[in-house]
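# Examining the three-dimensional arrangement
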Amino acid sequence: MAAAPEPVRDIATLGSIELLTPKPQQSLWYFRDVLGMEVAHTDGNSVYLRGYGDFAVSTLKLTGAKHSGVGTITWRAASPAALQRRARALEACGFGVRWSENDFGRGPTYHFRDPDGHSMGVYYEEQKYVAPDDLRSTLKNLPQKYTARGAAVRRSDHLALLCKDVATNRRFAQELLGFQLRETILFEKGSFELGSWLSPNAVHHQLAYVVDVKGANGRLHHISMWVDQREDVLRAADVLTENGIFIEAGPSKHNNSQAFYLYSYEPGGNRVEIYSGSYLVLSPDWEPVTWDEDERGTGVYWGGALPESFIQYATPDIAQAAPVGRDVPVFDPA
Ligand SMILES: [Fe+2]
């Protein structure tokens with residue numbers, strides 16, 4: 001039997017997510033005042049935000065734009081050499097775009113696109129957060145004090161992207177980025193991959209790919225913010241409701257990932273999840289959990305079924321923007 005190829009371990013973690021919003025002031029209010037994040041930096045059209053438990057100076061970049069959706073998603077490499085290796089591999093397979101130097105809080109970044117056209121980057125150097133006096137925690141290992149403002153999210157956790165072809169993008173993440181496949185939904189006797197959940201580390205998933213039922217490219221399903229306990233998710237539902245924010249689904253519990261969830265739309269239209277629970281994966285030989293039509297059900301373990309909008313709505317809203325046609329290389333390393 002041939003030995004399995006040595007796994008790629010060049011990506012350490014999700015670094016930051018850039019969220020595009022046509023209502024930047026209202027979106028900033030949502031993340032700062034309702035979710036309780038802090039503003040770390042402002043630069044032109046962008047505001048850089050952080051949760052109180054984020055060790056990096058910023059994990060969420062909010063950028064004013066004509067349409068909602070996701071901008072550039074960055075991943076932190078495990079070392080300077082790992083960054084160079086991934087840049088070479090991505091370039092060799094035709095996914096590379098360019099190097100950049102100057103985004104706040106991060107060093108040289110190699111930009112690339114996934115097969116569906118989402119903008120991504122990989123970097124190593126990262127600015128650690130040093131709290132100003134009014135935000136310094138009395139707990140030495142906490143980067144910033146717990147302010148208890150709004151839903152008081154701790155950190156950015158993951159994101160879910162829509163794509164035309166889940167299998168192609170999932171294989172890209174596994175083989176070129178080195179992510180481990182954690183769970184997958186296979187319908188039609190295994191021939192149709194509806195969604196896959198992947199991670200470069202022990203967190204259950206930092207990236208999900210789900211099929212875009214409208215056949216577009218490059219869209220966002222949701223970003224997700226972590227809170228420490230299920231009670232915090234329930235409290236977030238109260239906070240969101242008191243602030244007039246539409247709650248699309250939850251609080252309830254997923255079957256896939258075992259996570260406790262709550263989905264709302266920020267004022268710019270992007271779906272944001274408040275998330276807790278789930279499970280860690282520490283096994284190097286993890287075998288992906290697969291779900292068929294019957295096992296998947298409505299995607300919940302208990303509680304109300306996810307609404308139809310959860311499948312139909314994503315950003316940018318397809319009614320507002322034409323599908324993005326991009327020349328992307330076919331990824332077929334086998
Ligand atoms: Fe999620």
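Let us look at the structure shown here. (Residues numbered from 1 in each chain as written. Predicted model: local features only at pLDDT ≥ 70, side-chain atom pairs only at ≥ 80, totals over all residues. Heavy atoms only, no water.)

## Details of the packing of aromatic side chains
So the rule is basically this: A pair of aromatic rings is counted whenever rings of Phe, Tyr or Trp (Trp by its six-membered ring) have centres within 6.5 Å, and the orientation is called stacked for planes under 30 degrees apart, edge-to-face for over 60 and tilted otherwise. Strands here are runs of E lasting at least two residues and helices are runs of H or I lasting at least four, both read from the DSSP assignment and numbered beginning at the N terminus. Buried means the residue's accessible area, taken with a 1.4 Å probe over protein chains only, is under 20% of the maximum for its type, while exposed means over 50%, and partly exposed covers the values in between.
Summed over all chains, the structure comprises 14 aromatic pairs. For the ring pair phenylalanine 260 and tryptophan 302, a centre distance of 5.9 Å and an interplane angle of 55° mean the geometry is tilted. Of this pair, phenylalanine 260 sits in strand 15 (residues 259-265) while tryptophan 302 sits in strand 18 (residues 300-302), and the two are 42 residues apart along the sequence. Using a relative accessible area of 5% as the deciding quantity, one classes phenylalanine 260 as buried. Residue class for tryptophan 302 comes out partly exposed when judged on its relative accessible area of 39%.

## Thoughts on the environment of threonine 74
Filter applied, for reference: Contacts were defined at the residue level, with two residues in contact if any of their heavy atoms lie within 4.5 Å. Side-chain atoms alone can form a polar contact between residues adjacent in sequence; in general such a contact is a pair of N or O atoms within 3.5 Å, and within protein one must be able to donate a hydrogen while the other accepts it.
Along the chain, the position of threonine 74 falls in strand 5 (residues 69-77). Remark: the alpha-carbon pair of threonine 74 and threonine 59, spanning 15 residues in sequence, is separated by 9.3 Å. In this view, threonine 74 contacts Leu14, Gly15, Ser16, Arg106, Gly121 and Tyr123; residues no more than four positions away in its chain are not counted. One polar contact links threonine 74 to serine 16, side chain to side chain, over a distance of 2.7 Å.

## Quick notes on the environment of histidine 254
Tracing the backbone through its elements, the reader meets histidine 254 in strand 14 (residues 247-254). Overall, the relative accessible area of 9% leaves histidine 254 in the buried class. When the C-alpha positions of histidine 254 and leucine 240 are compared, they lie 20 Å apart, and in sequence the two are 14 residues distant. Setting aside anything within four residues of it in sequence, one finds histidine 254 in contact with Ala259, Tyr261, Tyr263, Glu273, Gly299, Val300, Tyr301 and Leu306. A polar contact of 2.8 Å, which involves the side chain of histidine 254, links it to the side chain of tyrosine 263.

## What to know about the sheet that holds strand 5
This is how it is decided: Think of it this way: DSSP has to see at least two bridges between two strands before they count as a pair. To get an axis, fit a line to the C-alpha atoms, keeping to the stretch in contact for a helix; angles then go from 0 to 180 degrees between the N-to-C directions.
Taken together, the 8 strands give an open sheet; going across it, the order is 2-3-4-1-5-8-7-6, and neighbouring strands pair in mixed fashion. Each end of this open sheet is capped by a strand with a single partner; those strands are strand 2 (38-43) and strand 6 (96-100). Each neighbouring strand pair of the sheet contributes to a mean axis angle of 25°, computed without reference to strand direction. Where strand 1 (residues 11-21) meets strand 5, 7 bridges bridge the pair, whose relative direction is antiparallel. Across the sheet, residue leucine 19 finds its bridge partner in strand 5, namely valine 70. Running at roughly 160° to strand 4 (residues 60-64), helix 1 (residues 24-34) makes contact with strand 1, strand 2, strand 3 (46-50) and strand 4 of the sheet.

## Regarding the nonpolar core
Put simply, the test is: To define a nonpolar core, start from buried Ala, Val, Leu, Ile, Met, Phe, Trp, Tyr and Cys residues and group those joined through side-chain atoms within 4.5 Å.
Core analysis: the biggest nonpolar cluster contains 58 residues, and Phe31, Leu35, Leu159 and Ile223 have the highest contact counts within it. Apart from residues lying up to four places away in sequence, leucine 159 is in contact with Leu14, Ile17, Val70, Ile73, Gln206, Leu207, Ala208, Leu220, His222 and Ile223.

## A word on the pattern of salt bridges
This is how it is decided: Only one rule defines a salt bridge in this text: a Lys or Arg side-chain nitrogen within 4 Å of an Asp or Glu carboxyl oxygen.
Scanning all chains against the criterion turns up 15 salt bridges. Between glutamate 18 and lysine 61 there is a salt bridge, with the nearest N and O atoms lying 3.9 Å from each other. Linking glutamate 18 in strand 1 with lysine 61 in strand 4, this pair joins segments that are 43 residues apart in sequence. Residues arginine 170 and glutamate 193 are paired through a salt bridge, measuring 2.8 Å at the closest nitrogen-oxygen approach. Taken together, the residues span a long stretch of sequence, with arginine 170 in helix 3 (residues 166-175) and glutamate 193 in strand 11 (residues 192-199) at a distance of 23 residues. Under the relative-accessibility criterion, arginine 170 is labelled buried at 17%.

## Description of helix 2 (residues 80-92)
Put simply, the test is: Multiplying 1.5 Å by the residue count of a helix minus one yields the expected span of that helix.
Taking 1.5 Å per residue, 13 residues should reach 18 Å; helix 2 reaches 19 Å between its end C-alpha atoms and fits that length. On its buried face, helix 2 sits against strand 1, strand 5, strand 6, strand 7 (109-113), strand 8 (119-123) and helix 3. At the C-terminal side of helix 2, glycine 94 shows a positive phi close to 90°.

Any functional reading would require information that these geometric values do not contain.
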